[in-house]
Structure formats: C-alpha cells, structure tokens
Amino acid sequence: MPDTTPTPPTPPESSGPPSPETHVIDYRAAEQLLAARDPRGAVRLLDSVIAAHPENTAARLLRARAFFAAAQLRPAQLEFELVLEREPDNAFAHFALARTHQRSGRHEQARRHFRLAAALDPQPEYLAAARFEA
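Computed from a predicted model, the values in this text were never measured in an experiment.

**Re the packing of aromatic side chains**
Two descriptors summarise a pair of aromatic rings, namely the distance from one centre to the other and the angle between the planes of the rings. Tallied over the entire structure, the rule returns two aromatic pairs. An angle of 55° between the planes, with centres 5.5 Å apart, marks the rings of F95 and F114 as tilted. Within this pair, whereas F95 is found in helix α5 (residues 91-103), its partner F114 is found in helix α6 (residues 107-120), the two being separated by 19 residues in sequence. There is no split in this pair, since F95 and F114 are both buried. An aromatic cluster of three or more residues is present, and its members are F95, F114 and Y126. Directly above the ring of F68 sits R103, whose terminal nitrogen or CZ lies 4.5 Å from the centroid.

**Let's talk about the pattern of salt bridges**
Taken as a whole and judged by the stated rule, the model has five salt bridges. When the shortest N-O distance is used, the salt bridge between E31 and R28 registers 3.1 Å. Linking E31 with R28, this pair stays in helix α1 (residues 20-35), spanning three residues, or about one helical turn. A relative accessible area of 47% means that R28 is categorised as partly exposed. We note a salt bridge from R63 to D47, for which the minimum N-O separation is 2.7 Å. In this pair, R63 is assigned in helix α3 (residues 57-69) and D47 in helix α2 (residues 39-52), connecting sequence segments 16 residues apart. Through salt bridges with shared partners, a single ionic network connects D47, R60, R63 and E79.

Conventions used here
Residues numbered from 1 in each chain as written. Predicted model: local features only at pLDDT ≥ 70, side-chain atom pairs only at ≥ 80, totals over all residues. Heavy atoms only, no water. Phe/Tyr/Trp six-rings, centres within 6.5 Å; stacked < 30°, edge-to-face > 60°. Helix = DSSP H or I, 4+ residues; strand = E, 2+ residues; numbered from the N terminus. Buried < 20%, exposed > 50% of the residue type's maximum accessible area, 1.4 Å probe, protein only. Lys NZ or Arg CZ within 6 Å of the ring centre and 35° of its normal. Salt bridge = Lys/Arg side-chain N within 4 Å of Asp/Glu carboxyl O.

Okay, structure coming up:
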C-alpha cells in the first residue's frame, strides 16, 4: 500500500538579497547578543545590516558598542566618529568615544569628548566623567 502521508511543502529558495524585515530582525538579534555578552556575534549580524543600509546611524552605533565590548578599540573609534559626523549632538556617542579614547590611553581626546557629552546632556555619569560638579 502506498504511503499517503502528506509531505510538507518545501520552502522557496531565496532568490534575492535579505529583506528589510530580515535586517530589522538581525538588528534586534544583535542587541540581544550584545546584552548577552556576545559582541562578536553582534558585529557579525550588524555587518550585513550596515552593508545594506550604510546610512543607518542606529546600527552603526550598536556596532560601535559591540566593537568596544569586544576590545576592538580602533573599529569602535571609527564607528563612533562616523556617528558623530552625522549626529554631532549625540551625547552618548561622545561619551562612548571618550571611553574608547580613555581605554586606548588617549586621555586628552577622552577629556574633550567627556566634556562635550556632559555639556550636551548633564547626566550624572557624564558630569562625573568630565569632572564637572553635579
């Protein structure tokens, strides 16, 4: 007697580049990987997102954070600088760039960006890093 069990349909082959929805999923997954202390995994996911959307500042900022967490300071610096070219008033990017400079032993550059972060957003953490009184 022949087998009459239905076979599930085969998913269609992907015929093109990933969709924007795929990039959103990859971005969210990269956030989760970074939170789970897997910055290298986050970078891998974000590479394709940024390749498809090089203008996406949020993805670049997340990749910069992942580079920093992975102790890849030069790539982190370059990404933070690119974000600041596009958004010079981004206090977090100034603060993160300052931390990157600090970790690299470039204390004068760090102090400048700590001060810019504190001037743009007087959060206690930024003020303390800039050595301003809260």
